[in-house]
Amino acid sequence: MRYHHALFLNPYIEENATSTMMLFPPTGLEYVAASAKGLVDKITLLDLRLGGEFADPEKLLGFIDQHVDIVCVSVGWDRQFEEICRLLNRIPKRIPVIVGGYKATEKVEELFSRCPHINMIVRGEGEETIKDILRFKPMKEILGISYRQGNQVVHNANRPFSPVESIVCPDRSLRTGKYAFSLNGIKVANLTFDAVLSSRGCPFNCKFCTFSLNPLGQKRNYEARSAKSVVDEIQMLEAQVILLSDDNFFAIPQRAEDICDLIIKRKIKKRFVAQTRLDIAKHPRLLEKAVQAGFKALLIGIESPHDWILAQLDKGFDQKTIRRSFAVLSRYPIFYNGYFIYGNIGETEEEMLYIAQFAKEIGVDVIACNKLRIEKFSPLKELAEKTQGYHVTDKGELYSDMYSHAALKKIGRKIKFSFYTPGRYIRILWKNIFITKFFTFKEILLVLLASPRIIWSVILKERRRGRLKDSLRRTFIRND
Ligand code: B12
Ligand code: SF4
């Protein structure tokens, strides 16, 4: 027996996707689709964010009904959960529905109870599991799946991780479109994006982080692909901007340097963005090579300006180290995004608000602040449960009697508006144009031409959310 036509579906719809979300392909789903090659006659990969006729659910369901005999769906995020469940429930019952992804792994029971049409949920990494499914291996023998048996849900044992070098890279020819540069949903310039995963896991164990701890509580030990295989993949890509979506790209400095050397040697001209730890500042030679190879932006987990919070999070550095590291980093023409966490256990409002000031002091270009999340297997769970007055929502959001969810949200906006002043936007543009040279002259012109539409779309969005006046006041008058 063999399936004829498998559909691999990223079910998130364009209008609701935020700007960063629009830039990158659904890496996990693409890996799973690539593994399915050769085991089914035809593969269709559809990312609904790319638009096209199948963004219309009626057309999509018609296509599934007429052409497809197995549907494999990725549920990776909290967003649009209701809509996705509704869509899955409309897939004809005779067609098997397989669901996988980060969120699906977390919400196995909920998905089964809400979506009677789901046949199997693949927990954790799916490359090997999908092969067993497509080979019609008996369900009870497939590691890493959950399935229905009468009124019960059966959870088979977890699947051990596969070695990274054995995992086949995504096949970009399966895509139906390009990931183009868009801001707030508006296509800005002819700049395209792609993502490359050069390693899995992370060698560190920061206490709040569930990056390499999958929703089953399994820790993915750090494993990296060879420099050659990474650069071979990069060299095949059409996109100009490549996100190295590893949890921590520079974890092995020598390997990262080898990758940079190969990029330089092969004269690959791309713009790279990578997620990294602050420790990269200890390696000036690597930083120089990274700049030469085309690294334009680094996304760095700083988390907090406060030593006691950094210690609580087991981050492995203190405020002094952050300041010292940024003194080094600011010598390089690289754009820095600092990730911060606020609403930590015991953190006061004043301490949270200091994030904006601190980020300015150290010279971060942009910040992304998130409330502390405590997921099912987070090592911080015990502390949160033990600390009086603290609670965790079923989505993993931490709040307290002192700072409710809404109060934390307000504090988050205050931090954002203290940092993003009009001067900051000018600085961001200046750095991108003249220092990191992220954009070419033509692209800058296109961004400028698109800017009235972007500003208008932001205004509409803020108005829809009923906070336009407040945002304008906080940006231009007073952020209190
Ligand atoms: C790179 C990355 C990003 C990139 C985007 C990458 C992309 N391609 O879209 C950027 C930087 C933009 C980003 C943004 C955000 N991210 Co992010 N990101 C990651 C990171 C580090 C890697 C993702 C990745 O490529 N994984 C590798 C692939 C291979 O794994 P995977 O996606 O899980 O897929 C495997 C399985 O899930 C399964 N699978 C997946 N789909 C399917 C489908 C089927 C049918 C089957 C069988 C199996 C299957 O098989 C896949 C292959 O093994 C992860 C952490 C991590 N290590 O996973 C966080 C992570 C995904 N991000 C997370 C979050 C919270 C965010 C943000 C919301 C942060 C924020 N507050 O702004 C934003 C979201 C943007 C938005 N607007 O919604 C969370 C998601 C938690 C959740 N689901 O609730 C994660 C898990 C980190 C964490 N633990 O907090 N992110
Ligand atoms: S926060 Fe960063 S360095 Fe720490 S464990 Fe997570 S991915 Fe690794």
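Quick caveat, the model's predicted, so the values are computed rather than measured.

## As for the overall build of the protein
Alright, step 1. Secondary structure summary: the protein contains 18 helices and 18 strands in total.
Alright, step 2. Here the protein has a C-alpha radius of gyration of 23 Å; the compact-globule value for 480 residues is 23 Å, and the two agree.
Alright, step 3. If you line up the protein on its principal axes, its C-alpha atoms span 65 × 55 × 45 Å.
Alright, step 4. Buried positions account for 35% of the 480 residues belonging to the protein.
Alright, step 5. Long-range contacts, defined here as pairs at least 24 residues apart, represent 74% of the contacts in the protein between residues at least 6 apart.

## Examining the packing of helix α2 (residues 27–35) against helix α7 (residues 127–134)
Alright, step 1. Where α2 contacts α7, the axes come no closer than 8 Å and their chain directions differ by 45 degrees. In terms of axis orientation, α2 runs oblique to α7. Regarding α2 and α7, the two cross each other, and that crossing is right-handed. Between α2 and α7, the residues in contact are Y31, V32 and S35 and E127, I130 and K131, respectively.
Alright, step 2. When its residues are assigned to classes, the contact of α2 with α7 shows three nonpolar, one polar and two charged.

## Some points on the sheet that holds strand β3 (residues 70–74)
Alright, step 1. Read from one edge of the open sheet, seven strands run β2-β1-β3-β4-β5-β6-β7, paired in mixed fashion. Of all strands in the sheet, those bounded by a partner on one side alone are β2 (42–47) and β7 (152–155). Neighbour-to-neighbour, the strand axes of the sheet open up by a mean angle of 20 degrees, direction not taken into account.
Alright, step 2. Helix-sheet contacts for α7 involve β3, β4 (97–100), β5 (118–122) and β6 (145–149), and the interaxial angle to β5 is about 145 degrees.

## Describing the site of ligand 1
Alright, step 1. Not every one of the 36 residues close to ligand 1 is listed here, only the nearest: G28, S74, G100, E125 and G126.
Alright, step 2. In the shell around ligand 1, the residues fall into 17 nonpolar, 13 polar and six charged.
Alright, step 3. The residues that make up the shell around ligand 1 include at least three from each of domain 1 (5–164) and domain 2 (197–439).

## Structural notes on the site of ligand 2
Alright, step 1. Residues in contact with ligand 2, as listed here, are C202, F204, N205, C206, C209, F211, D247, N248, R277 and G301.
Alright, step 2. Tallied by class, the residues present in the shell around ligand 2 amount to five nonpolar, three polar and two charged.

## Re the sheet that holds strand β12 (residues 241–244)
Alright, step 1. Spatially, the seven strands line up as an open sheet ordered β8-β9-β12-β13-β14-β15-β16, and their pairing is mixed. Both outer strands of the open sheet, β8 (179–183) and β16 (366–371), are each paired with one neighbouring strand and no more. Neighbour-to-neighbour, the strand axes of the sheet open up by a mean angle of 25 degrees, direction not taken into account.
Alright, step 2. Pairing between β12 and strand β13 (residues 271–276): four bridges, direction parallel. Each residue of the ladder has a partner; that of L243, found in β13, is V273.

## Observations regarding the pairing of β8
Remark: a regular strand shows side chains that alternate across the two faces of the sheet.
Alright, step 1. Where β8 and strand β9 (residues 186–196) come together, five bridges link them in antiparallel fashion. Of the residues in β9, the one forming a bridge with S182 is K187.
Alright, step 2. Remark: two residues form the turn of the hairpin made by β8 and β9, two consecutive strands paired antiparallel; N184 in that turn has positive phi of roughly 55 degrees.

## Remarks on the packing of helix α8 (residues 227–235) against helix α9 (residues 253–265)
Alright, step 1. Two numbers describe how α8 lies on α9: the axes approach to 9 Å, and their chain directions differ by 40 degrees. By the angle class used here, α8 and α9 are oblique. Both α8 and α9 take part in a crossing whose hand is right-handed. Residue-level inspection shows A227, K228, V230 and V231 of α8 in contact with α9, the latter providing R255, D258, I259, L262 and I263.
Alright, step 2. Considered class by class, the residues forming the contact of α8 with α9 number six nonpolar, no polar and three charged.

## Observations concerning helix α4 (residues 81–89)
Alright, step 1. Those residues of α4 not exposed but buried are I84, L87 and L88. Looking down the long axis of α4, one finds its buried residues gathered within 100 degrees of arc, a one-sided arrangement.
Alright, step 2. Buried residues along α4 sit in contact with α3 (57–67), β3, β4 and β5.

## Some details on α7
Alright, step 1. All buried positions along α7 are accounted for by T129, I130 and I133. Buried residues of α7, viewed axially, fall in a sector of 100 degrees; they line one side.
Alright, step 2. Buried-residue contacts for α7 involve α2, β3, β4, β5 and β6.
Alright, step 3. Following α7 by one or two positions, F136 has its phi on the positive side, about 60 degrees.

## So, the domain arrangement of the protein
By a widespread convention, an interface's size corresponds to the accessible area lost as its parts come together.
Alright, step 1. You can read the domains of the protein as domain 1 (5–164), domain 2 (197–439) and domain 3 (443–480).
Alright, step 2. Between domain 1 and domain 3, the C-alpha centre-to-centre distance is 36 Å.

## Examining the nonpolar core
For soluble globular proteins, nonpolar side chains are generally found buried alongside one another.
Alright, step 1. Counting residues in hydrophobic clusters, the biggest one holds 74 residues, and the most contacted among them are I242, Y342, I355 and I415.
Alright, step 2. For this core, the element with the highest residue contribution is β9, accounting for six residues.
Alright, step 3. Setting aside its immediate chain neighbours within four residues, I415 contacts Y342, M352, L353, I355, A356 and C369.
Alright, step 4. Membership of the second largest hydrophobic core comes to 41 residues, among which are L7, A36, I70 and I91.

Each value, and the rule that gives it
- Residues numbered from 1 in each chain as written.
- Chains lettered and ligands numbered in written order.
- Predicted model: local features only at pLDDT ≥ 70, side-chain atom pairs only at ≥ 80, totals over all residues.
- Helix = DSSP H or I, 4+ residues; strand = E, 2+ residues; numbered from the N terminus.
- Rg over C-alpha atoms; globule rule 2.2 N^0.38 Å.
- Buried ≥ 20, exposed ≤ 12 C-beta atoms within 10 Å, placed from the backbone.
- Contact = placed C-beta atoms within 7 Å.
- Axes fitted to C-alpha atoms, helices over the stretch in contact; angles between N-to-C directions.
- Parallel < 35°, antiparallel > 145°, perpendicular 65-115°, else oblique.
- Left-handed = near helix turned anticlockwise from the far one by under 90°.
- Nonpolar A, V, L, I, M, F, W, Y, C, P; charged D, E, K, R; others polar.
- Pairing = 2+ DSSP bridges.
- Near = placed C-beta within 6 Å.
- Domains from an automatic or database assignment.
- Arc of directions from axis to C-beta.
- Core = buried A, V, L, I, M, F, W, Y, C linked by C-beta atoms within 7 Å.

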